[in-house]
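# Coordinate inspection notes
This is what each chain is made of:
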Amino acid sequence: YTRGTVTAFSPFDARADAEALRKAMKGMGTDEETVLKILTSRNNAQRQEIAAAFKTLFGRDLVDDLKSELTGKFETLMVSLMRPTYIFDAHALKHAIKGAGTNEKVLTEILASRTPAEVRNIKQVYLQEYEANLEDKITGETSGYFQRLLVVLLQANRDPDGRVDEGLVEQDAQVLFRAGELKWGTDEEKFITILGTRSVSHLRRVFDKYMTISGFQIEETIDRETSGDLEKLLLAVVKCIRSVPAYFAETLYYSMKGAGTDDDTLIRVMVSRSEIDLLDIRQEFRKNFAKSLYQMIQKDTSGDYRKALLLLCGGDDE
């Protein structure tokens, strides 16, 4: 992953950073500026080293101190930055299926956008950390075709990319056409199987072929033929097959568009993509929304929260 905005800081000194953070949070009042500058300019592996040094030097837990010294969205962002990378998604999923009501948006975003290898890792970490089977937890909280597509994605058995067979492309496009546009009612299962298991390069060709056969983008058909959580998940899968950065650019745009901001989504995407593809997401954002991600964050947030998000964003795309 070289398309992140956050990379390893050099020269790095975990103890010096730990000391600076302790000083920033000690006594009356907190020096938030120091906290946000350090945490947004170190990568996740370095933040874990800082936390270890913090405990070694002061016998205190850095995350606990951040929680007691900071408040609101700024606190949520800083604590999210401190979560070990490998555990980030598992933690987000655990909280999405915990307690009253399920956060389908989080399930959709994570399971539609992560690679099969990442999904396998999430399942493993979930089992280690929470001593529970992620698939069981998700099936317990969801139902219908939405649940079935989530289960298919959780199997992480999407065909690997290889040579694309044009005959199979044609066949899949025809099957989807017959299952959607040509059918009274929709054969959701066909959509689930094809969109959930075929390779990325194969599906990109299928979408082109589908357009040729039907005169519609596959997204238009999904929009018309399905509804609710299943529709959102199918659309997210299609968008991620087309381009993961474009999907996240759109996710960020809608988290800030209109009245009020969906800060949970904004934080989750900015933190989870900061070391992976945030540069590509910024590029797609600029291309598709006639303004830069930086400008939108600037307009939509305030205070230390804004400062930290802008540093994570890493620059403006005029």
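How each quantity is defined
- Positions within a chain are numbered from 1, following the residues in the order the chain's sequence is written.
- Confidence filtering applies because this is a predicted model: local features only for residues at pLDDT of at least 70, side-chain atom pairs given and counted only at 80 or more, and all residues used for totals across whole chains, interfaces and linings.
- Side-chain metrics in this entry use all non-hydrogen atoms of the structure; hydrogen atoms and water are not considered.
- UniProt positions are given in the numbering used here, feature names are shortened, and annotations may be inferred rather than shown by experiment.
- Here, the term nonpolar core denotes a set of buried Ala, Val, Leu, Ile, Met, Phe, Trp, Tyr and Cys residues that are joined through side-chain atoms within 4.5 Å.
- Residue exposure (1.4 Å probe, protein chains only): buried if accessible area is under 20% of the type maximum, exposed if over 50%, otherwise partly exposed.
- In DSSP terms, a helix is any run of H or I states spanning at least four residues, a strand is any run of E spanning at least two, and both are numbered starting from the N terminus.
- Contacts are residue-level and defined by heavy atoms, with any inter-residue pair within 4.5 Å sufficient.
- Whenever a helix is involved, its axis is fitted only over the stretch in contact; in every case the axis is a line through C-alpha atoms, and angles between N-to-C directions fall within 0 to 180 degrees.
- Angular relationships are summarised with four words: roughly parallel below 35 degrees, roughly antiparallel beyond 145, roughly perpendicular across 65 to 115, and oblique for the angles in between.
- By convention the crossing between two helices is left-handed if the near helix lies anticlockwise of the far one by an angle smaller than a right angle, and right-handed if it lies clockwise.
- In this count, Pro and Cys sit with the nonpolar residues alongside Ala, Val, Leu, Ile, Met, Phe, Trp and Tyr, while Asp, Glu, Lys and Arg are called charged and the others, Gly among them, polar.
- Pairs of N or O atoms within 3.5 Å make up the polar contacts considered here, provided that, within protein, one atom can donate a hydrogen while the other can accept it, and that residues adjacent in sequence are counted only when both atoms are side-chain atoms.
- What marks off one domain from the next here is an automatic or database domain assignment.
- A carboxyl oxygen of Asp or Glu within 4 Å of a side-chain nitrogen of Lys or Arg is what we treat as a salt bridge.
- Whether two aromatic rings pair depends on their centres lying within 6.5 Å, for rings of Phe, Tyr and Trp, where Trp uses its six-membered ring; planes under 30 degrees apart make the pair stacked, over 60 edge-to-face, and the rest tilted.
- When the NZ atom of lysine or the CZ atom of arginine is within 6 Å of a ring's centre and also within 35 degrees of its normal, the charge is said to sit over that ring.

As annotated in an unreviewed UniProt entry, the protein chain is Annexin from Nyctiprogne leucopyga. Annotation of the protein chain in UniProt includes, under Sequence similarities (unreviewed entry), the sentence "Belongs to the annexin family."

Counting residues in hydrophobic clusters, the biggest one holds 97 residues, and the most contacted among them are Met78 and Met270. It is helix α15 (residues 228-242) that provides the largest number of residues to this core, a total of nine residues. Residues in contact with Met78, not counting those within four places in the same chain, are Val35, Leu36, Leu39, Thr40, Leu66, Leu70 and Ala308.

In the contact formed by helix α10 (residues 144-154) and helix α12 (residues 188-197), the axes pass within 9 Å of each other and the chain directions differ by 20°. The orientation of α10 with respect to α12, classified from their angle, is roughly parallel. Crossing of α10 against α12: the hand is right-handed. Taking contact as the criterion, the partners of Tyr145, Arg148, Leu149, Val152 and Leu153 in α10 are, on α12, Glu188, Glu189, Ile192, Gly196 and Thr197. Of the residues contributing to the contact of α10 with α12, the split by class is five nonpolar, two polar and three charged.

Below, the discussion takes up the environment of Glu32. Looking at where Glu32 falls in the secondary structure, it is placed in helix α2 (residues 32-41). For Glu32, the residues in contact, after removing those within four places along its chain, are Leu70, Phe74 and Asp304.

Below, the discussion takes up the environment of Ser274. Tracing the sequence through the fold places Ser274 in the loop between α17 (263-273) and α18 (278-289). In this structure Ser274 comes out as buried when scored by relative accessible area, which is 2%. Each C-alpha atom, one on Ser274 and one on Asn44, is 9.7 Å from the other, the two residues being 230 residues apart in sequence. Those residues in contact with Ser274, other than ones at most four positions away along the chain, are Gly4, Thr5, Val6, Val269 and Leu312. In this structure the side chain of Ser274 is engaged in a polar contact, spanning 2.9 Å, whose partner is the backbone oxygen of Val271.

Splitting the protein chain by domain gives domain 1 (14-85), domain 2 (89-155), domain 3 (166-242) and domain 4 (244-313). Taken over C-alpha atoms, the centre of domain 1 sits 46 Å from the centre of domain 3.

Taken as a whole and assessed by the stated rule, the structure comprises 23 salt bridges. A salt bridge links Glu170 to Lys209; the nearest nitrogen and oxygen atoms lie 3.4 Å apart. Remark: Lys209 occurs in helix α13 (residues 200-214) and Glu170 occurs in helix α11 (residues 166-179); sequence separation between them is 39 residues. Taking relative accessible area as the criterion, Lys209 reaches 22% and is therefore assigned partly exposed. For Arg242, the salt bridge identified is with Glu219, shortest N-O distance 2.7 Å.

Here we take up the packing of α2 against helix α5 (residues 72-82). At a minimum axis distance of 10 Å, the contact between α2 and α5 shows a crossing angle of 35°. As α2 runs across α5, the sense of the crossing is left-handed. Contacts from Glu32, Val35, Leu36, Leu39 and Thr40 of α2 reach α5 at Phe74, Met78, Leu81 and Met82. A breakdown of the residues in the contact of α2 with α5 according to their chemical character gives seven nonpolar, one polar and one charged.

This part is about the packing of aromatic side chains. Any two aromatic rings considered together are summarised by their centre-to-centre distance and by the angle between their planes. What the rule picks out here adds up to eight aromatic pairs. Look at Tyr253 and Tyr254: their rings are 5.1 Å apart centre to centre, the planes differ by 80°, and that puts the pair in the edge-to-face class. A network of ring pairs unites the aromatic residues Tyr253, Tyr254, Phe285 and Phe289 as a single cluster. Of note, Arg42 hangs over the ring of Phe9, and the distance from its end group to the ring centre comes to 3.8 Å. Against the face of Phe216 rests Arg224, its NZ or CZ located 4.3 Å from the ring centre.

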